[in-house]
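Reading the structure
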Amino acid sequence: MSQDAPFWETTPLSAMTKAQWESLCDGCGKCCLEKFEEEDTGDIIYSRIACALLDTATCRCRDYEHRANQVADCIALVPAALEMPNWLPETCAYRRLREGKRLPKWHPLLTGDTGSVANAGHSVRGRVIGPESGEDPLMNLIDWIK
């Protein structure tokens, strides 16, 4: 690897600084949706119901620093949580790097543009609803996230 290679190609996930780690998040919001594991296959099935803390307009957490205290089933994304990354979408930088894959071409670290995620159709912005809707997640399953 070249000395000019980007940090995500040269630094293991477990050795990244907090700033490097946080910059891997593309802000798609997919991991903040209600999801279910299919019992027979282990496949993850997403619903269009977002976490109560997800700002569906910006696809960012409203209280990122305290989210685990407010949402009982919030999984803090740390290297240990990537042992079995199948609960994250296939496009997720953390999962992709854990699986030895490259960042997707629309990732903000490659494009320099945080809007590239939405422009490429990989954001949940405008496609999901919050739990305050009262909708049943099982009646709102989606198939556009893998």
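The paragraphs below set out a description of the structure included in this document. (Residues numbered from 1 in each chain as written. Predicted model: local features only at pLDDT ≥ 70, side-chain atom pairs only at ≥ 80, totals over all residues. Heavy atoms only, no water.)

Bringing the overall build of the protein chain into the picture now. Summing up its helical and strand segments, the protein chain has six helices and five strands in all. Reading the helices (α) and strands (β) of the protein chain from amino to carboxyl end gives α-α-β-β-β-β-α-α-α-α-β. Radius of gyration (C-alpha) of the protein chain: 15 Å, near the 15 Å computed for a compact globule of 146 residues. Within the protein chain, the fraction of its 146 residues that count as buried is 36%. (Helix = DSSP H or I, 4+ residues; strand = E, 2+ residues; numbered from the N terminus. Rg over C-alpha atoms; globule rule 2.2 N^0.38 Å. Buried < 20%, exposed > 50% of the residue type's maximum accessible area, 1.4 Å probe, protein only.)

Further remarks concern the packing of aromatic side chains. Given two aromatic rings, their pairing is described by the distance between the two centres and the angle made by the two planes. What the rule picks out here adds up to two aromatic pairs. Arranged with centres 5.1 Å apart and planes meeting at 85°, the rings of F7 and W8 form a pair that is edge-to-face. Here F7 falls in the buried class, since its relative accessible area comes to 19%. Over the aromatic face of Y64 sits the side chain of R67, whose NZ or CZ is 3.9 Å from the ring centroid. The lysine or arginine in question, R127, covers the ring of W144, its NZ or CZ lying 3.6 Å from the ring centre. (Phe/Tyr/Trp six-rings, centres within 6.5 Å; stacked < 30°, edge-to-face > 60°. Lys NZ or Arg CZ within 6 Å of the ring centre and 35° of its normal.)

One pass over the structure, following the stated rule, counts zero disulfides. The thiol sulfur of C25 is not disulfide-bonded, and the nearest other cysteine sulfur, from C31, lies at 6.3 Å. When its relative accessible area of 31% is taken as the criterion, C25 is described as partly exposed. (Disulfide = S-S within 2.5 Å.)

Per the stated rule, a full pass over the model turns up four salt bridges. R98 is paired through a salt bridge with E83; the nearest N and O atoms lie 3.9 Å apart. Taken together, the positions of R98 in helix α4 (residues 93-98) and E83 in the loop between α3 (67-70) and α4 put the pair 15 residues apart, joining distant regions of the chain. The class of E83 is exposed, set by a relative accessible area of 55%. (Salt bridge = Lys/Arg side-chain N within 4 Å of Asp/Glu carboxyl O.)

A separate point is the sheet that holds strand β2 (residues 44-50). Overall, antiparallel pairing links the three strands, which are arranged β1-β2-β5 in an open sheet. Edge strands, defined here as strands with exactly one partner in the open sheet, are β1 (33-37) and β5 (141-142). For β1 and β2, the ladder comprises four bridges, and the chain directions are antiparallel. Of the residues in β2, the one forming a bridge with F36 is I45. (Pairing = 2+ DSSP bridges.)

Now for the environment of D26. With respect to the secondary-structure elements, D26 resides in the loop between α2 (18-23) and β1. Between the alpha carbons of D26 and C59 there is a distance of 9.7 Å; along the sequence they are 33 residues apart. For D26, the contacting residues outside a window of four places in its chain are R60, T91, W106, H107, P108 and V117. From its side chain, D26 meets the backbone nitrogen of C28 in a polar contact 2.8 Å long. (Contact = heavy atoms within 4.5 Å. Polar contact = N/O pair within 3.5 Å; in protein donor to acceptor, adjacent residues only side chain to side chain.)

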